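Coordinate inspection notes
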Amino acid sequence: MATLKAGFGRADITPHKGGRLVGYGGRDEGNTGANDPLLARALVIEAGRDRYALLSLELCYVNDETVKSIRQALGQRFDLVAEHVHMATTHTHGGPDDRMSDNWDRPLAEIVGDAVGAAIASLQPCRLGSGSGFLYGYSINRRWLDRPVDPAVAVIRIDDAQGRPLGVIANYACHAVVMGYDNLRVTGDWPGYAARYIEEDLGPGATCLFFQGGAGDINPLVEGVRQQLQGERTVRAIGEVSTYYGSADDADVYNVGDRGGGTFQECEELGRAFRDEVLRVSRRIATTGSPGPVWAESLRVDALKGSDEPVPVKAYTPPYQLLAERPMEGERFRSVEIALLGIGDTVLITEPGEVFSETAVRFRAGAQLMGYRTVMLVSYANDWLLYLPEFDAFDEGGYEPGWAVTLQISRRFQERVWNLIEPRLRSRAP
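Described below are features of the structure shown in this document. (Residues numbered from 1 in each chain as written. Predicted model: local features only at pLDDT ≥ 70, side-chain atom pairs only at ≥ 80, totals over all residues. Heavy atoms only, no water.)

Comments concerning the overall build of the chain
How we decide: Strands are runs of DSSP state E lasting at least 2 residues, helices are runs of H or I lasting at least 4, and numbering of each runs from the N terminus. Based on C-alpha atoms, the radius of gyration is set beside the globule rule, defined as 2.2 Å times the residue count to the power 0.38. Exposure categories follow from relative accessible area, calculated using a 1.4 Å probe and restricted to protein chains: below 20% of the type maximum is buried, above 50% is exposed, and the middle band is partly exposed. By the counting scheme adopted, Arg and Lys are positive, Glu and Asp are negative, and His together with the chain ends is not counted. For the purpose of locating charges, the reference atoms are NZ of Lys, CZ of Arg, CG of Asp and CD of Glu.
Across its full length, the chain carries 10 helices and 21 strands. On C-alpha atoms alone, the chain measures out to a radius of gyration of 20 Å, which is about the 22 Å that the 2.2 N^0.38 rule sets for 430 residues. Projected onto its principal axes, the C-alpha coordinates of the chain cover approximately 65 × 50 × 40 Å. Relative to its full complement of 430 residues, the chain shows a buried share of 62%. Averaged over its 45 positive side-chain charges, the chain has a centre that lies 5 Å from the centre of its 59 negative ones.

This is how it looks when you write it as structure tokens:
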């Protein structure tokens, strides 16, 4: 078996002061500067003649045109195969629009290429392993507060040949919205804090790539939110899909979707809690120089709704100002990318949008039954179709399915994805 090699790299993608922040409406005045830097983090894995690049970008989302430009740039600079380049965002709502070129002095694709170049330059024989843990008490189902969240924390650890840590990939489901619409400072939100804390503890030069899990219906449960939930007010879910401690027509209401008032101290709180669990998992992982076959597949699925699909009774129309941020694009959704990356008994499943926690749990359980030990559902990857809800959520209504209905996304999307990837996963099962 060929020697497995790995290398990590980073590049600063902090935007210029004054550029518009995305993730909330009503912040057209632009950012007032950076609270913390935004980074592009890269991991390059070399297995025999094949190289695979994984990118974690501290942005809210990454659009199809940006993905194409990055893959093209990496192909030209490093001869990387497009289907072997996968990128996902941490989904910070304190970041810039990836399509606005004046956010940076150079094209974003070039800056990201610097991170990949550093990773390639640092390629060395490595040892690799993976493991799982869980983190409760820091996330909440924002649609149905009395329904489960996905607590899974999945970790891939990469060491050098002597067993010293080079870096980790860490996966967890929780929206990066500790900082709300009233924040005008550039920030990586809680995942940015967590990644830096993890890197500090792993040691000099170590890198942490963070990938969001099924966070589409999951919000942070930090101190400010806890205090609101423990008050004497009616509590309403985002999109007003459910109500607690009162009735839907009460005047004095706290909406879980209202993220005003978040603090950077709360980013630290969640970041440290996640750091602690990632390191706990990482310490128990046994790495090996022969983890098993490395493989990747890039698949295409039809995201558009069929002519036989009814319009949900509780259809929700997103606010006009948010529609301007993501116009209807119709036929482009006819073929969207779903990518798989396997390393021995570990597999990453990527989707180009906001996936619900129920989907992540279901896909993980299905893959585990096939023999995969560690399963990462990576959302916000290789494009952005906004929300990709579960089938039943369309009739339940609310904010997230409302976007899918507006963009004509099929309620059968996740069924189509599983039917597409299930035979591929089974054929590669360890």
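Still more ground to cover, so stick around.
Notes on the environment of Gly203
Residue placement: Gly203 occurs in the loop between α3 (189-202) and β11 (207-212). Residue classification places Gly203 among the buried positions, given a relative accessible area of 17%. In this structure, the C-alpha to C-alpha distance between Gly203 and Glu354, residues 151 residues apart in sequence, is 32 Å.

What to know about helix α2 (residues 108-121)
Threshold: Multiplying 1.5 Å by the residue count of a helix minus one yields the expected span of that helix. For this analysis, residues touch if any pair of their heavy atoms sits within 4.5 Å.
For α2, which comprises 14 residues, the first-to-last C-alpha distance of 20 Å matches the rise-based estimate of 20 Å (1.5 Å per residue) to within 8%. Within α2, 10 of the 14 residues are buried, which leaves the element mostly enclosed by the surrounding structure. Within α2, the full set of buried residues consists of Leu108, Ala109, Ile111, Val112, Gly113, Ala115, Val116, Gly117, Ala119 and Ile120. Its buried side turned inward, α2 meets β1 (4-12), β3 (39-47), β4 (50-57) and α1 (64-78).

Focus: the packing of α1 against α2
Condition: All axes here are fitted lines through C-alpha atoms, helices being fitted over the stretch that makes contact, and every angle between N-to-C directions spans 0 to 180 degrees. Any angle that falls under 35 degrees is termed roughly parallel, while one over 145 is termed roughly antiparallel, one within 65 to 115 roughly perpendicular, and all others oblique. Left-handed describes a crossing in which the near helix is turned anticlockwise from the far one by less than a right angle; the clockwise case is right-handed. Gly falls in the polar group here, along with every residue not listed as nonpolar (Ala, Val, Leu, Ile, Met, Phe, Trp, Tyr, Cys, Pro) or charged (Asp, Glu, Lys, Arg).
Viewed as axis vectors pointing N to C, α1 and α2 meet at an angle of 45°, and their least axial separation amounts to 9 Å. When the interaxial angle is binned, α1 and α2 end up oblique. α1 and α2 meet at a crossing whose hand is right-handed. Of α2, the residues touching α1 (which contributes Thr66, Ser69, Ile70, Ala73, Leu74, Arg77 and Phe78) are Leu108, Ala109, Glu110, Val112, Gly113, Asp114, Val116, Gly117 and Ile120. Looking at the contact of α1 with α2 residue by residue, the classes come out as 9 nonpolar, 4 polar and 3 charged.

Quick look at the pattern of salt bridges
The cut-off we apply is this: The salt bridge criterion pairs a side-chain nitrogen of Lys or Arg with a carboxyl oxygen of Asp or Glu, the two atoms within 4 Å.
What the rule picks out here adds up to 35 salt bridges. The salt bridge partner of Glu58 is Arg41, with a shortest N-O separation of 3.1 Å. Of the two residues, Glu58 is situated in the loop between β4 and α1 and Arg41 in strand β3; the sequence distance between them amounts to 17 residues. When its relative accessible area of 2% is taken as the criterion, Arg41 is described as buried.

What to know about empty space enclosed by the protein
What counts is decided by this rule: Here the term cavity refers to a set of points on a 1 Å grid, laid over the protein atoms alone, in which a 1.4 Å probe fits but cannot get out; the term pocket refers to an open set having protein on both sides within 12 Å along at least five of seven lines, with lining residues being those that place an atom within 4 Å of a point. Grid points are joined across faces, edges and corners, and a volume is the space filled by probe spheres set on the points.
Under the definition given, this model contains 2 cavities of 30 Å³ or more. Estimated volume of the largest cavity: approximately 100 Å³. Contributing to the lining of the largest cavity are 14 residues, with Asp150, Ala152, Asn171, Gly213 and Arg364 lying nearest its centre. For the lining of the largest cavity, the elements supplying multiple residues, two or more each, are β9 (152-160), β10 (165-172), α7 (357-369) and β20 (374-378). By residue class, the composition of the lining of the largest cavity is 9 nonpolar, 3 polar and 2 charged.

Things to note about the side chain of Thr187
In this fold, Thr187 is placed in the loop between β10 and α3. What Thr187 contacts, discounting residues up to four positions off in sequence, is Asn35, Asp36, Leu38, Thr92, Gly94, Gly95, Met179, Tyr193 and Phe264.

Some details on the packing of aromatic side chains
Note the following rule: A pair of Phe, Tyr and Trp rings is counted when the ring centres sit within 6.5 Å of each other, with Trp represented by its six-membered ring. The angle between the planes then sorts it: under 30 degrees is stacked, over 60 is edge-to-face, the rest tilted. Lysine and arginine charges are scored as sitting over a ring when NZ or CZ, respectively, is within 6 Å of the ring centre and within 35 degrees of the ring normal.
Evaluated as defined, the whole model comprises 11 aromatic pairs. Measuring from centroid to centroid gives 5.9 Å for Phe134 and Tyr136, while their planes differ by 55°, and the two rings are tilted. One aromatic cluster is present, built from ring pairs that chain together Tyr172, Trp190, Phe210 and Phe274. For Arg196, the ring lying beneath its charged end belongs to Tyr193, and the centroid distance is 4.8 Å.

Section: the sheet that holds strand β7 (residues 124-134)
Selection criterion: Two strands are counted as paired when DSSP detects at least two bridges linking them.
Reading across the sheet, the 8 strands line up as β5-β4-β3-β1-β7-β9-β10-β11 and stay open at both edges, with mixed pairing between neighbours. Two strands bound the open sheet, and with one partner strand each, they are β5 (85-89) and β11. Along the sheet, successive strands turn relative to each other by an average axial angle of 25°, direction set aside. Pairing between β7 and β9: 9 bridges, direction antiparallel. When the bridges of β9 are listed, Ser132 appears paired with Ala154. Against the sheet, α2 engages β1, β3 and β4, with an angle of about 145° to β1.

Regarding the layout of surface pockets
Of the pockets and cavities examined, the second largest pocket occupies roughly 230 Å³. Residue lining of the second largest pocket: 14 residues in total, with Asp64, Lys68, Arg71, Arg300 and Glu337 positioned closest to the centre. Counting only elements with at least two residues in the lining of the second largest pocket, the list comes to α1, β16 (294-301) and β17 (336-343). Of the residues contributing to the lining of the second largest pocket, the split by class is 3 nonpolar, 3 polar and 8 charged.

Section: the sheet that holds β17
The strand order across the open sheet built from 4 strands is β16-β17-β18-β20, with neighbouring strands paired in mixed fashion. Of all strands in the sheet, those bounded by a partner on one side alone are β16 and β20. Sheet twist, expressed as the mean angle between neighbouring strand axes with direction ignored, is 15°. Sheet topology note: the β16/β17 ladder contains 8 bridges and is antiparallel. Looking at β17, one finds that Val301 is bridged to Val336. The sheet contacts of helix α10 (residues 413-428) involve β16, β17 and β18 (346-350), and relative to β16 the element is tilted by about 150°.

A look at the side chain of Ser410
Here is the rule: Polar contact is defined as a pair of N or O atoms within 3.5 Å, subject to the rule that within protein one atom must be able to donate a hydrogen and the other to accept it, and that residues adjacent in sequence are counted only when both atoms are side-chain atoms.
Looking at where Ser410 falls in the secondary structure, it is placed in the loop between α9 (399-406) and α10. Within the local environment of Ser410, its side chain forms a polar contact with the side chain of Glu309, the two groups lying 2.6 Å apart.

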